[in-house]
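Observations on the model geometry
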Amino acid sequence: MALFTTKRIKQNVFVTVAFLLLILASATVLEKFYSTEWVKDHVYGAWWFVVLWAYLAIFSFIYILCCKLWHKPAIFLLHCAFGAILLGALITYVSAERGYLHIRQGETETNFITEKDQKEKPLPFDIKLVLFDIEYHPSTDEPADYISFLKVDENEMCRVSMNQIFRKSGYRFYQYDYDQDEMGTVLLVNYDPLGIGVTYTGYLLLAISMIWLLWMRIGWKGILWIFIPTAAVWLYISQINPMTPVLRTPMLAAHVSVIMVSYALFVSFTITGIISLCSSKLCEKFYHWNTKLLYPAVFLLAAGIFIGAVWANISWGRYWGWDAKETWALITLLVYAIPMHRKSIPIFKNPRKFHIYCIIAFLAVSMTFFGVTYLLGGIHSYV
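Residues numbered from 1 in each chain as written. Predicted model: local features only at pLDDT ≥ 70, side-chain atom pairs only at ≥ 80, totals over all residues. Heavy atoms only, no water.

Moving on to the side chain of aspartate 179. Its place among the elements puts aspartate 179 in the loop between strand S7 (171-178) and strand S8 (184-191). The residues touching aspartate 179, leaving out its near neighbours within four places in the chain, are His102, Arg104, Gly184 and Thr185. (Helix = DSSP H or I, 4+ residues; strand = E, 2+ residues; numbered from the N terminus. Contact = heavy atoms within 4.5 Å.)

In this model, the second largest pocket occupies a volume close to 510 Å³. Lining the second largest pocket are 20 residues, and of these Met210, Ile211, Val258, Leu300 and Ala303 sit closest to its centre. Of the residues forming the lining of the second largest pocket, the biggest block, twelve residues, is contributed by helix H5 (residues 195-238). (1 Å grid on protein atoms, 1.4 Å probe; cavity = no way out; pocket = protein on both sides within 12 Å on 5 of 7 lines; lining within 4 Å. Points joined across faces, edges and corners; volume = space filled by probe spheres on them.)

An ideal rise of 1.5 Å per residue puts 20 Å on 14 residues; helix H8 (residues 324-337) measures up with 20 Å between its terminal C-alpha atoms. Along H8, 13 of the 14 residues are buried, which leaves the element largely enclosed by surrounding structure. (Expected span 1.5 Å × (residues − 1). Buried < 20%, exposed > 50% of the residue type's maximum accessible area, 1.4 Å probe, protein only.)

Moving on to the pairing of S7. Two elements, strand S6 (residues 166-168) and S7, share three bridges in a ladder whose sense is antiparallel. Bridge pairing in S7 places lysine 168 opposite tyrosine 171. The hairpin turn running from S7 into S8, its antiparallel successor, is five residues long, and glutamate 182 in that turn takes a positive phi close to 60°. (Pairing = 2+ DSSP bridges.)

Glancing now at the sheet that holds strand S2 (residues 108-114). Strand order in the open sheet made by the eight strands is S5-S4-S3-S2-S1-S8-S7-S6, with antiparallel pairing throughout. Across the chains shown, the open sheet's two edge strands, defined by having one partner strand only, are strand S5 (156-161) and S6. Here the average twist between neighbouring strands, direction ignored, is 40°. Contacting strand S1 (97-104), S7 and S8, helix H7 (residues 280-316) crosses the sheet at an angle of about 70° to S7. (Axes fitted to C-alpha atoms, helices over the stretch in contact; angles between N-to-C directions.)

General note: in soluble globular proteins, nonpolar side chains tend to be found buried as a group. Of all hydrophobic cores here, the largest spans 86 residues; its most connected members are Tyr44, Phe49, Phe266, Phe269, Phe299 and Tyr336. Element by element, the count of residues in this core is highest for H7, at 17 residues. For phenylalanine 299, the residues in contact, after removing those within four places along its chain, are Leu78, Met210, Leu213, Leu214 and Met340. Judged by nonpolar contacts, the second largest core, of 21 residues, contains Leu123, Leu129, Leu150 and Met162. (Core = buried A, V, L, I, M, F, W, Y, C linked by side-chain atoms within 4.5 Å.)

Attention shifts here to the packing of aromatic side chains. Evaluated as defined, the whole model comprises 29 aromatic pairs. Summarising the aromatic geometry, the rings of tyrosine 100 and tyrosine 176 are spaced 4.9 Å apart at their centres and angled 50° between planes, so their arrangement reads as tilted. Of this pair, tyrosine 100 sits in strand S1 while tyrosine 176 sits in strand S7, and the two are 76 residues apart along the sequence. Classification of tyrosine 100 by relative accessible area gives partly exposed; the value is 22%. Under the relative-accessibility criterion, tyrosine 176 is labelled partly exposed at 45%. (Phe/Tyr/Trp six-rings, centres within 6.5 Å; stacked < 30°, edge-to-face > 60°.)

Time to look at the pattern of salt bridges. Taken as a whole, this structure holds six salt bridges when the rule is applied. Arginine 98 is paired through a salt bridge with glutamate 115; the nearest N and O atoms lie 3.2 Å apart. With a gap of 17 residues between them, arginine 98 in strand S1 and glutamate 115 in the loop between S2 and strand S3 (120-136) connect regions that are remote in the sequence. Residue classification places glutamate 115 among the partly exposed residues on the basis of a relative accessible area of 34%. Across the pair aspartate 179 and arginine 104 runs a salt bridge whose closest N-O atoms are separated by 2.7 Å. Residue aspartate 179 is found in the loop between S7 and S8, and its partner arginine 104 is found in strand S1; the two are separated by 75 residues along the sequence. Judged by relative accessible area, which is 15%, aspartate 179 ranks as buried. (Salt bridge = Lys/Arg side-chain N within 4 Å of Asp/Glu carboxyl O.)

If you check the backbone angles, serine 169 has positive phi at about 55° while not being a glycine. Examined against the element boundaries, serine 169 turns out to sit in the loop between S6 and S7. Within the chain, glutamate 182 stands out as a residue other than glycine whose phi angle is a positive 60°. In this structure, glutamate 182 sits in the loop between S7 and S8.

In this section: the pairing of S8. Most of S8 is tucked away, with seven of its eight residues classed as buried. Relative to S8, S1 runs antiparallel, the two being bridged by eight bridges. In the sheet register, arginine 98 faces S8, and the bridge partner there is asparagine 190. Bridge count for S7 against S8 is seven bridges, and the pairing is antiparallel. Among the inter-strand pairings, tyrosine 178 is bridged to a residue of S8, identified as threonine 185.

What follows is the structure, given as structure tokens:
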């Protein structure tokens, strides 16, 4: 009876993941035909979407307990990290407050306008805009940064610029916009003292568990072989001097480099998978190779996504905006994470079926890298 219960719980978990993948992919298409706000209201911000994620988290935790996964501490820590990240997201969803603060130069404000209901809400301190300034790239009229110089409670001077937050009493202030006459600024206000700590704890646990698992699966030599191309891509991207102010951060190179290397590994899975279907001799060899490389490929993509989330929180006061490229990166992560559960899904113990799945899964990578840019658009679109 216990075995039957465990089996049903496992089915619930993976069916829910498949259902989520379908919803996420459909939402990005609906956004194209309706609007971003419509999708946020009817899908991403809907109560049933939150309940669906909670349902997945709860049954995943129950399945972990049924499998006694704590006997494998690295794997257990990895799943706990994702649980902490989802818990942090839930706390933020329920308790966080976001809004906007418009100040003219020389004026003092004590209230901000909430994003949700457009009502005034008091701050526990006064903020005065001493000066708003725009820094330009040398010999050009292209902005390099937007800077608000503030005085807080008449005794504390601070500055807020792109990728530089001001924090006080649990409130975080971000440079958001400015008046056309350059005599006023608009700051984004975020109050989330509980959710941020839980979420960042999840990120830390995730980093520890991924490094731990990589050490176990591919050893330090394997980690070195993955690190070298990642470092090379990071070094190349770090030499780029972007004109857009929000891109002028070291996190750009970190975010892009790990994701590009993960995509390169997914390409290799597809190529070797096609070769394996044509050669039974190579099928088993590539199977053992790819099942090991699946770990760094998925973990690098996960690292890239969460580095991007931290960057987004620094720049815009939120980890996740459900932009089409963000959503498809998450879809790709989930799609490739499924064959990592070979003990729970026996078909992936079959080399041929594993290769067929990886070939089909590459459609998610193609959609993330090309499809979003040319078909769906969004803030990550480059055309």
